[in-house]
Amino acid sequence: MPQFCPAARRPSRPFLPLLLLALLGASLLSACERAAPPAPGAIPVRLETVGSTAPDNVIALPGTVAARTESQLGLRVSGRLSARPADRGDQVKAGTLLATLDPVPLQLAVQSAEAQLTQARSAAAQARSDVTRNQTLVARGALAKADFERMETAQATAAAQLRAAASQLERARTDLADATLRAPHDGIITAIWAEPGQVIAAGAPVVSLAYAGEQEVQADVPEHLVTRIAPSTAAQVALLEQPGQSFPATVREVAPAADPVTRTFRIRLTVPGLDRHARLGMSTTVTLPRQAGDHAAAWALPLSALLQHEGAPAVWVLPPDAEHLTLRPVTIGRLGTDHFTVIDGLAAGERVVTAGVHRLDAGQTVVPWDGRLP
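Residues numbered from 1 in each chain as written. Predicted model: local features only at pLDDT ≥ 70, side-chain atom pairs only at ≥ 80, totals over all residues. Heavy atoms only, no water.

Break down helix 3 (residues 145-178) for me, citing the residues and quoting the values.
In a regular helix each residue adds 1.5 Å, so 34 residues correspond to 50 Å; helix 3 covers 50 Å between its end C-alpha atoms and thus fits that length. What helix 3 keeps buried is the set Phe-148, Ala-158, Ala-165, Leu-169, Ala-172, Asp-175 and Asp-178. In this structure, the buried residues of helix 3 make contact with helix 2 (104-140) and strand 8 (180-182). (Helix = DSSP H or I, 4+ residues; strand = E, 2+ residues; numbered from the N terminus. Expected span 1.5 Å × (residues − 1). Buried < 20%, exposed > 50% of the residue type's maximum accessible area, 1.4 Å probe, protein only. Contact = heavy atoms within 4.5 Å.)

Listed below in structure tokens is the structure:
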């Protein structure tokens, strides 16, 4: 009989995937155990080259064209505004009617003052007649002197009341005349503050009038720059719509106190020849030079580049072809809200770190950031 040899048993198919997964896991674990931790690389830093922007040798401020004289006009008496012929943008001449109040209450006040004056005149005439008629009786002794003195006192009182009534009538007539507002000068209406039918108080503004004549430019100066600007300082003014054309200007006025809301100081500049090119409210750029005594070059840098080292200001500088930073003490010219100026300690062409300065160290290896995100 032939010898029977049983065939070798093969592993079942479900067992193969499990075996493969076990082998793969073991290989991955062994690979992790053999891999060394990655070496620390150079830290990218954001740099700005000193001198890439113009030195802070001028002051550039936004400004607006304004009239040299602009007044808020109001009525000297209170009442209901019955008419306001003037409107914003109207060009008016001196004497042009701008607004009127309801005249009825004021006319009644005039009539009442006239009646009081008539009454005071009658009382004064009666008192004067009494004194004249009784003078002979006093001289003859037919009238007591004390009674005659009371008549003289009544005459003086009536005369005073007559003068008061006359003044009251004059005041009522003046109030009636003041119920009409007229332009005191040629100009243009720039603002409206009251509408017909509105009850306004005495002195409340009704319209704003910009006087015709020379135009000026006004600008608001931050408090850290106002000490560098004085009256008679020369400047240049350029209209925003015509940036290539500038006009010579002179600072005429520097506000003595800061605005309570913006905390800025307003300056006004005289700009000859601007009238032919500009209209009220146009935007301008005011450029003022640095005054004598200021440093010749004050490099502007972002405030994020500044740090304190041992109580003194400093910045990180990356020398050319270097991989390590150098801490450089600097002298600050002025400190703003987002920039500061360096007047000593840096030279044009040097590279300054402008971000993350408090996390850096001189022993770290750095590379300039290329601007790409990881």
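Got a sec to walk through the sheet that holds strand 7 (residues 97-101)? Specific residues and values, please.
The strand order across the open sheet formed by four strands is 8-7-5-10, and the pairing between neighbours is antiparallel. With partners counted over all chains shown, the strands left at the sheet margins are strand 8 and strand 10 (199-200), one partner each. Bridge count for strand 5 (residues 79-83) against strand 10 is two bridges, and the pairing is antiparallel. When the sheet's bridge partners are listed, Arg-80 is paired in strand 10 with Val-199. (Pairing = 2+ DSSP bridges.)

Describe the nonpolar core, listing the residues and the values that go with them.
Residues Leu-61, Val-217, Leu-269, Leu-274, Val-286 and Leu-288 are the most contacted members of the largest nonpolar core, which totals 23 residues. Of all the secondary structure elements, the ones that give two or more residues to this core are strand 3 (58-67), strand 12 (215-221), strand 13 (234-239), strand 14 (242-254), strand 15 (265-270) and strand 16 (283-289). Setting aside its immediate chain neighbours within four residues, Leu-274 contacts Val-65, Gln-215, Val-217, Leu-239 and Phe-247. Residues Leu-75, Ala-179, Leu-181 and Leu-209 belong to the second largest nonpolar core, which totals 20 residues. (Core = buried A, V, L, I, M, F, W, Y, C linked by side-chain atoms within 4.5 Å.)

Please provide a residue-by-residue account of the sheet that holds strand 11 (residues 205-211), values included.
Strand order in the open sheet formed by four strands is 4-11-9-6, with antiparallel pairing between adjacent strands. For this open sheet the edge positions go to strand 4 (70-74) and strand 6 (91-92), each flanked by a neighbour on one side alone. Looking at chain direction, strand 6 and strand 9 (residues 187-192) are connected through two bridges and run antiparallel. Bridging across to strand 9, Val-92 finds its partner in Gly-187.

I'd love a proper account of the packing of helix 2 against helix 3, names of residues and values included.
Interaxial distance between helix 2 and helix 3 falls to 8 Å at its minimum, and their mutual angle equals 160 degrees. Of the possible angle classes, the one that applies to helix 2 and helix 3 is roughly antiparallel. Along this stretch, helix 2 crosses helix 3, giving a crossing that reads as left-handed. Broken down by class, the residue content of the contact of helix 2 with helix 3 amounts to 22 nonpolar, seven polar and seven charged. (Axes fitted to C-alpha atoms, helices over the stretch in contact; angles between N-to-C directions. Parallel < 35°, antiparallel > 145°, perpendicular 65-115°, else oblique. Left-handed = near helix turned anticlockwise from the far one by under 90°. Nonpolar A, V, L, I, M, F, W, Y, C, P; charged D, E, K, R; others polar.)

So what's going on with the pairing of strand 9? Which residues, and what values?
One ladder, built from five bridges, connects strand 9 with strand 11; its direction is antiparallel. Looking at the pairing, Ile-192 lines up with Val-207 of strand 11.

Go over the pattern of salt bridges with me, naming the residues and quoting the values.
Under the criterion given, the structure shown has 15 salt bridges. Glu-216 serves as the salt-bridge partner of Arg-252, at 2.5 Å between the closest nitrogen and oxygen. On the criterion of sequence distance, the pair formed by Arg-252 in strand 14 and Glu-216 in strand 12 is long-range, its members being 36 residues apart. What makes Glu-216 buried here is its relative accessible area of 0%. Among the salt bridges present, the one from Arg-266 reaches Asp-220, with a minimum N-O distance of 3.0 Å. Note that Arg-266 is positioned in strand 15 and Asp-220 in strand 12, a separation of 46 residues in sequence. A relative accessible area of 38% means that Arg-266 is categorised as partly exposed. A network of salt bridges, in which partner residues are shared, links Arg-68, Glu-214, Glu-216, Arg-252, Glu-253 and Arg-268. (Salt bridge = Lys/Arg side-chain N within 4 Å of Asp/Glu carboxyl O.)

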